Structure formats: C-alpha cells, structure tokens
Amino acid sequence: MTGGTAPASGGEAAAQASRIAVWDAPIRLYHWAQLALVCGAYYTQWQMSPSADPTMRWHRWCGYGILVLLVFRLLWGFAGSATARFASFIPSPGAILRYAGQLARGRAPKFLGHNPFGALMVSALLLLLAAQALSGLFTADSNGIFGGPFGHFDMLEESPAWKAGLQRWHHRGANILLAFIAIHVLVNLFYQFVRRDRLVTAMVTGVKPAGDYADDVAGQSHVAARIPARALTLRAILCLAAALIVVFGGLFLGGGKL
Ligand code: HEM
Ligand code: HEM
C-alpha cells in the first residue's frame, strides 16, 4: 500500500465536476441538531406528558442546547463558508420584489444558497427561536416551583410585569414558532418534490448539481469547497467553544441555576 490518495478516475472526476459544494458540514450538523432539539423542547414541554418530566429538566436542557446552537449560528454567519454568511444572503427589498415578480411569472431562477424568500424565512426562524429560548430563561411553571434559571419562584409575590410578559411570550411564541416551522417544512418539500429543486437533499449532502444559479457570482459557489476541511473544522470548534462560553458563562454570571 502506498498510502497516497488515488487520482480520481475519469468517471469520478466528471461526477465531482457536475456537483457544487453548497452547505458546509457545520451548517448541516447545526440544522439537523436544531431540528432534534426543537422537537425535544416541544415533546418535553408538558410536565405530565409521557416524557414524565415534572421538573422540566429535559425541557430546559433542550433550550440551553438551542441557545448554544443559535450563538454558534450567529458566529458562523461571519466565519463560515460563503452560503452560510449573512452578508451573502440577507436580501435587499429590491431583490425580494424582483424574486416575487419572477415567481409570479413562473420564471424564478434557482439559487445556490437561500433564495430571497428563503432568506426571509430563515431570518424569521432564527429570531423566533432566539425569542423562544431567551424568554424560557425567565419562565416558571404555573405553580412557580420549576422553571428557567431566572424564572419567578416567589409564590407570595406577583411576578414582575416584565417577567410576566416574557412568560406570556414563551407560551404564545411557541405556537407562532410552530406555524413558521410548518410553513418552512412545507415550502422546502414543495421545492424538493414539485419544483424539483432539491433543497432538502442539499441540506443533507451539502452539494447541488452544477447549473445556472442566480447567486453564483465571482466563483462564490466554490468557496465552500476551497476552505480546507481542517481550517473549517478548527473554525467550527472555536465557534462552538465560544458559543458554550457565552451561554453557560452568561447563565453563571447572571446567577442562574441550571
Ligand atoms: C424544528 C424544525 C426546523 C427548524 C427550526 C429549521 C430551521 C432552519 C434554519 C434556521 C435554516 C437556515 C439554515 C442556515 O442558513 O443556518 C434552515 C434551512 C433549511 N431547512 Fe430547516 N428547520 C427545521 C426543519 C426542517 C425540516 C424537517 C426540513 C426538511 C424537510 C428542513 C429543510 C431545510 C432546508 C432544505 C433548508 C435550506 C433552505 C434553502 O436552501 O434555502 N428544515 N432551516
Ligand atoms: C426554542 C426553545 C424552546 C421551545 C420551543 C419551548 C417551548 C415551550 C412550550 C411549547 C411550552 C408550553 C407552553 C404552554 O403551556 O402554553 C413551554 C413551557 C415552558 N418552558 Fe419552554 N421552550 C423553549 C426553551 C425553554 C428554555 C430555554 C427554558 C428554560 C431554561 C424553558 C422553560 C419553560 C418552562 C418553565 C415552561 C413551563 C411554563 C408553565 O408550565 O407554565 N423553555 N416551552
């Protein structure tokens, strides 16, 4: 055995050339971990549910996990590869109107990263998730016995207005978030199976077929592939470590009990 990497055969090279790296591994891991934790948070919300979590411990830990992922995503929006960067997908009002017009005429182009509507939905999801997880920190259960690290636990005193407001949001926001998630999933399935623009496959494999993409400017499509895997992994580890420090350091400095 020589130990070297065998040169790609003609067929393999052709297959590689016909695919474009779109989503880096950290973004994909982030996305599917987030799905698991959000499902976990909804499943463990009922104190008397089959999940039998009367102390809401699992619910709180799903929430902390989501907070860590959100801070990671924020950092990755600056440190990640091209399609993950906020600068590459936050759309201008003009871009949104143009895309809406193209959609209405049935001539919407494909995008490598988020299309302008997708970018709006992604931003809304990130903001709603952040509001949900942050408000959870100030929420206590209806008996004031268990809850978030900064919940109101004095049974003899009314909860201060701002905490009561956050608690109300935690209950209402959960339904609004659920509605947005439902739309997000349905639209992605529509693109996947009806428009045959395989967005879901790309969020799993990280690649899309080579072709014409409206946002494929200045070789951007190859940036994901160009950042060497080692550098990408190191950046992801640093961002994750920073996210853990921000979340758990913040809870500790705020005097919160996990
Ligand atoms: C708890 C449920 C979910 C949440 C909170 C969620 C949230 C998100 C977020 C924040 C992004 C943006 C990724 C980024 O740039 O950081 C995204 C992208 C995406 N999600 Fe989800 N997601 C959920 C479930 C799903 C499911 C079940 C599917 C599969 C049907 C899915 C398919 C996708 C796809 C395909 C993209 C990329 C969209 C594009 O190409 O513009 N998501 N999701
Ligand atoms: C994105 C993350 C989160 C989601 C999706 C979520 C979702 C929910 C839902 C759906 C409920 C039930 C609301 C109702 O009964 O109407 C709930 C209740 C609750 N959540 Fe969260 N939550 C999240 C994060 C957190 C966090 C981080 C904490 C605290 C560390 C927390 C603490 C609580 C508490 C204490 C309750 C019980 C309130 C009561 O019994 O009145 N949640 N959450």
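Residues numbered from 1 in each chain as written. Chains lettered and ligands numbered in written order. Predicted model: local features only at pLDDT ≥ 70, side-chain atom pairs only at ≥ 80, totals over all residues. Heavy atoms only, no water.

As annotated in an unreviewed UniProt entry, the protein chain carries the name Cytochrome b and is attributed to Camelimonas lactis. Its UniProt record, at the heading Subcellular location (unreviewed entry), says of the protein chain: "Cell membrane". (UniProt positions renumbered as here; feature names shortened; annotations may be inferred.)

A. Highlighting the overall build of the protein chain. Summing up its helical and strand segments, the protein chain has 10 helices and 2 strands in all. What you see in the protein chain, going N to C, is helices and strands ordered as α-β-α-α-α-α-α-α-α-β-α-α. Burial statistics for the protein chain: of 258 residues in total, 40% are counted as buried. Within the protein chain, residue pairs in contact and separated by at least 24 positions form 70% of the contacts whose partners lie at least 6 positions apart. Just so you have it, the protein chain exposes about 15000 Å², and 69% of that area is on carbon and sulfur atoms. (Helix = DSSP H or I, 4+ residues; strand = E, 2+ residues; numbered from the N terminus. Buried < 20%, exposed > 50% of the residue type's maximum accessible area, 1.4 Å probe, protein only. Contact = heavy atoms within 4.5 Å. Areas by Shrake-Rupley, 256 points an atom, 1.4 Å probe, with all protein chains shown as cover.)

B. Quick look at the UniProt feature "transmembrane region" (unreviewed entry) in the protein chain. Those residues carrying the UniProt feature "transmembrane region" (unreviewed entry) are residues 58–76, 117–140, 176–194 and 232–253 in this numbering. The distance from the first to the last C-alpha atom of residues 58–76 is 27 Å, and the span holds 100% helix and 0% strand. Overall, residues 176–194 shows 95% helix and 0% strand. The separation of its end C-alpha atoms is 26 Å.

C. Examining the side chain of K163 more closely. Assignment of secondary structure puts K163 in helix α7 (residues 161–193). Here K163 is in contact with F138, F150, G151 and H152, once residues within four sequence places are set aside.

D. Layout of the coordination of the iron atom of ligand 2. Note on the iron atom of ligand 2: its protein donors are H59 (NE2) and H170 (NE2). The metal-donor distances range over 2.0 Å. Every donor counted, the 6 donor atoms about the iron atom of ligand 2 form angles of 89 to 179° at the centre, which fits octahedral coordination. Here H59 is found in helix α3 (residues 57–79), whereas its partner H170 is found in helix α7, with 111 residues between them in sequence. In this structure H170 comes out as buried when scored by relative accessible area, which is 14%. (Donors = N, O, S within 2.8 Å, 3.2 Å for Na, K, Ca; no water. Tetrahedral: all angles 85-135°; square planar, octahedral: opposite > 155°, others 65-115°.)

E. Summary view of the site of ligand 1. Inspection of the region around ligand 1 gives 22 residues, with H31, Q34, R73, H114 and H184 positioned closest. One of the side-chain N or O atoms of H31 is found 2.7 Å from a nitrogen atom in ligand 1. The side chain of H114 places a nitrogen or oxygen atom 2.7 Å from an oxygen atom of ligand 1. Secondary-structure elements contributing two or more residues to the shell around ligand 1 are α2 (25–43), α6 (116–136), α7 and α8 (199–205). Here the shell around ligand 1 takes 7 residues from α2, the largest share from any one element. A breakdown of the residues in the shell around ligand 1 according to their chemical character gives 16 nonpolar, 5 polar and 1 charged. (Near = heavy atom within 4 Å. Polar contact = N/O pair within 3.5 Å; in protein donor to acceptor, adjacent residues only side chain to side chain. Nonpolar A, V, L, I, M, F, W, Y, C, P; charged D, E, K, R; others polar.)

F. Expanded view of the packing of aromatic side chains. Inspection of the entire model under this criterion finds 11 aromatic pairs. With centroids separated by 5.9 Å and ring planes inclined at 65°, the aromatic side chains of F86 and F89 adopt a geometry described as edge-to-face. Taken together, the residues span about one helical turn, with F86 and F89 both in helix α4 (residues 86–89) at a distance of 3 residues. On the basis of an interplanar angle of 35° and a centroid distance of 5.5 Å, the ring pair of F138 and F150 is categorised as tilted. Within this pair, whereas F138 is found in the loop between α6 and α7, its partner F150 is found in the loop between α6 and α7, the two being separated by 12 residues in sequence. (Phe/Tyr/Trp six-rings, centres within 6.5 Å; stacked < 30°, edge-to-face > 60°.)

G. Just the coordination of the iron atom of ligand 1, in detail. Donor atoms from the polypeptide that coordinate the iron atom of ligand 1 comprise H31 (NE2) and H184 (NE2), at 2.0 to 2.1 Å from the metal. What the 6 donor atoms of the iron atom of ligand 1 show is an angle range of 87 to 180° at the metal, which sorts the shape as octahedral. With H31 in helix α2 and H184 in helix α7, the pair connects residues that are 153 residues apart, well separated along the chain. For the pair shown, H31 and H184 are each scored as buried.

H. Examining the side chain of H170 more closely. One polar contact links the side chain of H170 to the main-chain amide nitrogen of G136, over a distance of 3.2 Å. In contact with H170, other than residues within four places in its own chain, are H59, Q132, S135, G136 and T139.

I. Molecular detail of a nonpolar patch on the surface. Where nonpolar side chains cluster on the molecular surface, the patch consists of V185, L186, L189, F190, F193 and V194 and spans about 590 Å² of accessible area. Tracing the sequence through the fold places V185 in helix α7. Residue V185 is classed as partly exposed on the basis of its relative accessible area of 39%. (Patch = residues over 30% accessible without salt bridge, like charges linked within 9 Å, V, L, I, M, F, W, Y side chains within 5 Å. Salt bridge = Lys/Arg side-chain N within 4 Å of Asp/Glu carboxyl O.)

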